[in-house]
Amino acid sequence: MDLGIENKIALVTGSSRGIGKAAAISLAKEGVKVVICGRNQITLDTTLTEIKKINPNTIGINCDVTDESNLITLVNEIKTQLGEIDILINNVGGSINREGIEGTPIKDLNQTFNLNLNPAIKLMQLVIPQMKLQKWGRIINISSVYGRELGGNLSYMTAKAALNSITKHSAIDLAPYGILINAVAPGPVSHKDGSWEKFQKNNSKEVVQNFINENLPIGKFGWPEPVGDLVAFLSSK
């Protein structure tokens, strides 16, 4: 499939594994110059080697996106090595606290926001000015079904709901500049070393099957590759 984005430059956060990795691979297959980033250097290097076989123009940068100063350095490094970012995939996410309202201290809520929301906002702010100048840009925020429906825990649901709202507002605001912004909100997606894989390993077969019966009409967990392909499609020209 030719999506018309060959030689575009894309940054995918949290892309050493899971949905982020799948998105990076799908974009690389379209000829996009992909920048992957993550905090685990070994995993990052392994994924980089794999994606370079698809597109040698892929680069990997070790980065903790919860530190705002790192984000500025990250974007500047990409400009130096490849050029301006055309496509931004905000994939980093996770949960700090797994309790309800009574068991969620404000500091834990803030930490969850600092992982799921704040890096996405800052990176959008960093790349949008150039996208406006060139009148072309694509931003895809990886949200969750739990940002729209009951499930997961309070801090994660709240952070993803906020990400959805920012996506909606920014999409309307920036559409006249040729910048298309979307959110992808998957349900439970299982992948190596991911939270849903751990859920299946750490619980009995009965608990896992009950969860599947009650929450997954297809009868099984999702997998990253279809989500990655959707991200590539939403990045298309």
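Refer to the preceding data block for the structure.
Residues numbered from 1 in each chain as written. Predicted model: local features only at pLDDT ≥ 70, side-chain atom pairs only at ≥ 80, totals over all residues. Heavy atoms only, no water.

## Considerations on the overall build of the protein
So, step 1. On a plain count of helices and strands, the protein comes out with nine helices and six strands.
So, step 2. Radius of gyration (C-alpha) of the protein: 17 Å, near the 18 Å computed for a compact globule of 237 residues.
So, step 3. Counting only C-alpha atoms, the protein reaches 50 × 35 × 30 Å along its principal axes.
So, step 4. The burial tally for the protein puts 49% of its 237 residues in the buried class.
So, step 5. Relative to all contacts within the protein whose residues are 6 or more apart in sequence, the contacts with residues 24 or more apart total 69%.
So, step 6. Looking at the protein as shown, the accessible area adds up to about 11,900 Å², and 51% of this sits on carbon and sulfur atoms.
So, step 7. Averaging the coordinates of the 24 positive side-chain charges in the protein and doing the same for the 22 negative ones gives two points 3 Å apart. (Helix = DSSP H or I, 4+ residues; strand = E, 2+ residues; numbered from the N terminus. Rg over C-alpha atoms; globule rule 2.2 N^0.38 Å. Buried < 20%, exposed > 50% of the residue type's maximum accessible area, 1.4 Å probe, protein only. Contact = heavy atoms within 4.5 Å. Areas by Shrake-Rupley, 256 points an atom, 1.4 Å probe, with all protein chains shown as cover. Lys, Arg positive; Asp, Glu negative; His and termini not counted. Charge placed at Lys NZ, Arg CZ, Asp CG, Glu CD.)

## Let's talk about the pattern of salt bridges
So, step 1. Scanning the model with the defined rule gives six salt bridges in all.
So, step 2. Put simply, Lys-122 and Glu-68 hold a salt bridge, and the shortest N to O gap is 3.4 Å. Of this pair, Lys-122 sits in helix 5 (residues 118-134) while Glu-68 sits in helix 3 (residues 68-81), placing them 54 residues apart in sequence.
So, step 3. Accessibility expressed as a relative area gives 47% for Glu-68, which makes it partly exposed.
So, step 4. Of the charged contacts, one joins Lys-107 and Asp-108 as a salt bridge, the two residues approaching to 3.0 Å between their closest N and O atoms.
So, step 5. For Lys-107, a relative accessible area of 56% puts it in the exposed group.
So, step 6. Judged by its relative accessible area of 10%, Asp-108 is buried. (Salt bridge = Lys/Arg side-chain N within 4 Å of Asp/Glu carboxyl O.)

## Points about the pairing of strand 1 (residues 9-12)
So, step 1. Where burial is concerned, the two faces of strand 1 agree: the one with Ile-9 and Leu-11 and the one with Ala-10 and Val-12 are both buried.
So, step 2. Pairing of strand 1 with strand 2 (residues 33-38), which is carried by four bridges, proceeds in the parallel orientation. Across the sheet, the residue bridging to Leu-11 is Val-35, located in strand 2.
So, step 3. Where the polypeptide runs from strand 1 across helix 1 (residues 18-29) and back to strand 2, its parallel neighbour, the crossover connection is right-handed.
So, step 4. Where strand 1 meets strand 4 (residues 87-90), three bridges bridge the pair, whose relative direction is parallel. For Val-12, the partnering residue across the bridge sits in strand 4 and is Ile-89. (Pairing = 2+ DSSP bridges. Right-handed = clockwise from strand over helix to strand, strands pointing away.)

## As for the side chain of Lys-8
So, step 1. Residue position: Lys-8 is located in the segment before strand 1.
So, step 2. Buried charged residue Lys-8 carries no salt bridge. Nearest counter-charge: Asp-86, at 4.6 Å.
So, step 3. Beyond its immediate sequence surroundings of up to four residues, Lys-8 is in contact with Val-32, Lys-33, Asp-86, Ile-87 and Trp-136.

## Some points on the pairing of strand 2
So, step 1. The buried count for strand 2 comes to five of six residues, which makes it a mostly enclosed element.
So, step 2. Handedness of the crossover joining strand 2 and strand 3 (residues 59-62) through helix 2 (residues 41-52): right-handed.

## Brief notes about the layout of surface pockets
So, step 1. In this structure, the second largest pocket spans a volume of roughly 230 Å³.
So, step 2. Lining the second largest pocket are 14 residues, and of these Gly-187, Pro-188, Asn-215, Leu-216 and Pro-217 lie nearest its centre. (1 Å grid on protein atoms, 1.4 Å probe; cavity = no way out; pocket = protein on both sides within 12 Å on 5 of 7 lines; lining within 4 Å. Points joined across faces, edges and corners; volume = space filled by probe spheres on them.)

## Quick word on the packing of aromatic side chains
So, step 1. A full pass over the atoms with the stated rule returns one aromatic pair.
So, step 2. Just above the ring of Trp-136 sits the side chain of Lys-8; from NZ or CZ to the centre is 4.1 Å.
So, step 3. Directly above the aromatic system of Tyr-177 lies the positively charged group of Lys-132, at a separation of 4.5 Å from the ring centroid. (Phe/Tyr/Trp six-rings, centres within 6.5 Å; stacked < 30°, edge-to-face > 60°. Lys NZ or Arg CZ within 6 Å of the ring centre and 35° of its normal.)

## Observations regarding helix 2
So, step 1. For helix 2, with 12 residues, the first-to-last C-alpha span of 16 Å sits near the 16 Å given by 1.5 Å per residue.
So, step 2. Those residues of helix 2 not exposed but buried are Leu-44, Thr-47, Leu-48 and Ile-51. Buried positions in helix 2, seen along its axis, are confined to an arc of 105 degrees and lie on one side of it. Exposed side chains of helix 2 directed beyond 90 degrees from the buried face belong to Ile-42 and Thr-46.
So, step 3. In this structure, the buried side of helix 2 is in contact with helix 1, strand 2 and strand 3.
So, step 4. Where helix 2 begins, one side-chain oxygen reaches toward the backbone nitrogen of Ile-42, 3.1 Å away; that side chain belongs to Asn-40. (Expected span 1.5 Å × (residues − 1). Arc of directions from axis to C-beta. Polar contact = N/O pair within 3.5 Å; in protein donor to acceptor, adjacent residues only side chain to side chain.)

The values are spatial; any link to function lies outside them.
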